[in-house]
Amino acid sequence: MINIRDINVYYGDVQVIHNLSMKIEEGKTVALLGSNGAGKTTTLKTISGLLSPKSGEIFYGDKRLDKIPPNMIISHGISHVPEGRRLFPQMTVEENLLMGAFEKSLWGKRKEKLEYVYGIFPRLKERRLQHGGTLSGGEQQMVAIGRALMSTPKILMLDEPSLGLAPKIVESIFELLQNLNKEGITILLVEQNVNVALEISDSAYVMETGKIVLEGNAEDLMDNVYVKQAYLGL
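In this report, the structure presented in the accompanying data block is examined. (Residues numbered from 1 in each chain as written. Predicted model: local features only at pLDDT ≥ 70, side-chain atom pairs only at ≥ 80, totals over all residues. Heavy atoms only, no water.)

1. Concerning the sheet that holds strand E1 (residues 2-11)
Taken together, 4 strands build an open sheet; the order of strands is E2-E1-E4-E5 and the sheet is antiparallel. Every other strand in the sheet has two partners, leaving strand E2 (14-24) and strand E5 (63-64) as the edge strands with one partner each. Sheet topology note: the E1/strand E4 (residues 55-60) ladder contains 5 bridges and is antiparallel. From the neighbouring strand, Asn 3 faces E4, where its bridge partner is Phe 59. Against the sheet, helix H1 (residues 40-47) touches E1, E2 and E4, its axis set at about 115° to E1. (Pairing = 2+ DSSP bridges. Helix = DSSP H or I, 4+ residues; strand = E, 2+ residues; numbered from the N terminus. Contact = heavy atoms within 4.5 Å. Axes fitted to C-alpha atoms, helices over the stretch in contact; angles between N-to-C directions.)

This is the structure:
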C-alpha cells in the first residue's frame, strides 16, 4: 500500500533520516518503534507531506506522494494523528472535528462522518460545544483521532497516542485501533509502549538514529533479545 524507498530527510543541514525503506501493507497494523530522537515522528511527517525528502521516493500504490501537497495526500486517504494532539484550543470539539473534513472533496460528507465519530466517541457528542483546550488529555486524544477519521482514511498514522494518558484510557485507545483495523483501516503506529504496540501489530520496524535497524513479524520481534533488552526492560 505504502512503499518508502531510500528516503533521506534533513532539518536544515542536519540529516535525520538515512536511506529509510519501509512497506506498509494494506489492512495491516505496523508499528514503528525506537527511542526518542530516532526519527519516527519525522518519518510520519514525511509520509503526510509536512516534510519533503531530499532524495528517495514514497509511493501509495502507483501514486507518488513525495511530490504532492499535504491536502492532496489526505484526499488519497492518509490521515495523521500528531504527537501531542495539536487541537485548536479556542475552537469547539465539533469545530475541531470538522477541520478533519476541510479538504474540498470531503466537505459534502461531513455530517455523516460527524455521526460516525460521535458513535465511536459518545463523550465527544456530549462535549461538542466545549472548547478543545478545556478537555482532559484523554478527551483531546479522542478529538485528535476523531478529526483524522473525518477524512474517511484508508491509512491512519498515529504518533504516540498513549502519551501522558491514564492506563484505562490507553487501553480503550488500543482497543479502538484494533477495531478500526478490523474495519479495514491500515494502521501505522508510533508508540513508546513497545509491548502493547507489538501485541496489536502484525509487523514492526525498529529505528535508531534515523535508520531502520530491525524489521519483521511483531511476534518475532517481541522475542528478539535486542528488543527485550533495549525496549522491554527484560
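Right, picking up where we left off after that structure.
2. Topic: the environment of Asn 36
When you line up the elements, Asn 36 lands in the loop between strand E3 (29-34) and H1. Along the primary structure Asn 36 and Thr 209 are separated by 173 residues, whereas in three dimensions their C-alpha atoms are 9.4 Å apart. Engagement of the side chain of Asn 36 in a polar contact is seen with the side chain of Gln 192, the distance being 2.8 Å. (Polar contact = N/O pair within 3.5 Å; in protein donor to acceptor, adjacent residues only side chain to side chain.)

3. Quick notes on the layout of surface pockets
Approximately 630 Å³ is the volume attributed to the largest pocket. Taken together, the elements giving at least two residues each to the lining of the largest pocket come down to H1, helix H2 (70-75), strand E6 (78-81) and helix H6 (137-149). Counted as a void, the second largest pocket has a volume near 170 Å³. Every residue along the wall of the second largest pocket is listed here: Ile 120, Phe 121, Pro 122, Arg 123, Met 142, Ile 169, Ser 172, Ile 173 and Leu 176. Among the elements of the structure, helix H5 (122-126) and helix H7 (167-182) are those that each provide at least two residues to the lining of the second largest pocket. Taken together, the residues of the lining of the second largest pocket break down into 7 nonpolar, 1 polar and 1 charged. (1 Å grid on protein atoms, 1.4 Å probe; cavity = no way out; pocket = protein on both sides within 12 Å on 5 of 7 lines; lining within 4 Å. Points joined across faces, edges and corners; volume = space filled by probe spheres on them. Nonpolar A, V, L, I, M, F, W, Y, C, P; charged D, E, K, R; others polar.)

4. Some details on the side chain of Asn 96
Inspection of the secondary structure assignment puts Asn 96 in helix H3 (residues 93-98). Once residues lying within four places of it in the same chain are set aside, the contact partners of Asn 96 are Leu 87, Phe 88, Met 91, Gly 132, Val 143 and Arg 147.

5. A look at the packing of aromatic side chains
Evaluated as defined, the whole model comprises 0 aromatic pairs. Between Lys 54 and the ring centre of Tyr 10, over which it is positioned, the NZ or CZ distance is 4.7 Å. One residue, Lys 113, lies across the ring of Tyr 116, its end atom 4.1 Å from the ring centre. (Phe/Tyr/Trp six-rings, centres within 6.5 Å; stacked < 30°, edge-to-face > 60°. Lys NZ or Arg CZ within 6 Å of the ring centre and 35° of its normal.)

6. Structural notes on the sheet that holds strand E10 (residues 211-217)
The 6 strands lie next to each other as E6-E7-E8-E3-E9-E10, forming an open sheet whose pairing is mixed. Strand pairing shows two members of the sheet lacking a second neighbour, E6 and E10, which therefore form its edges. Mean inter-strand twist for the sheet, computed between neighbouring axes without regard to direction, equals 15°. As paired elements, strand E7 (residues 155-159) and strand E8 (residues 186-190) share 5 bridges and run parallel to each other. Residue pairing in the sheet places Leu 158 in a bridge with Leu 189 of E8. Running at roughly 150° to E7, H1 makes contact with E3, E6, E7, E8 and strand E9 (203-208) of the sheet. Those strands touched by H7 are E3, E7 and E8, and its axis lies near 150° from that of E8.

7. Here's the deal with the pairing of E1
Where E1 meets E2, 7 bridges bridge the pair, whose relative direction is antiparallel. Note that in E2 the partner of Val 9 across the bridge is Ile 17. Linking two consecutive strands that pair antiparallel, namely E1 and E2, is a turn of 2 residues; a positive phi of about 65° is found at Gly 12 within it.

By themselves, these are just geometric observations and shouldn't be taken as functional.
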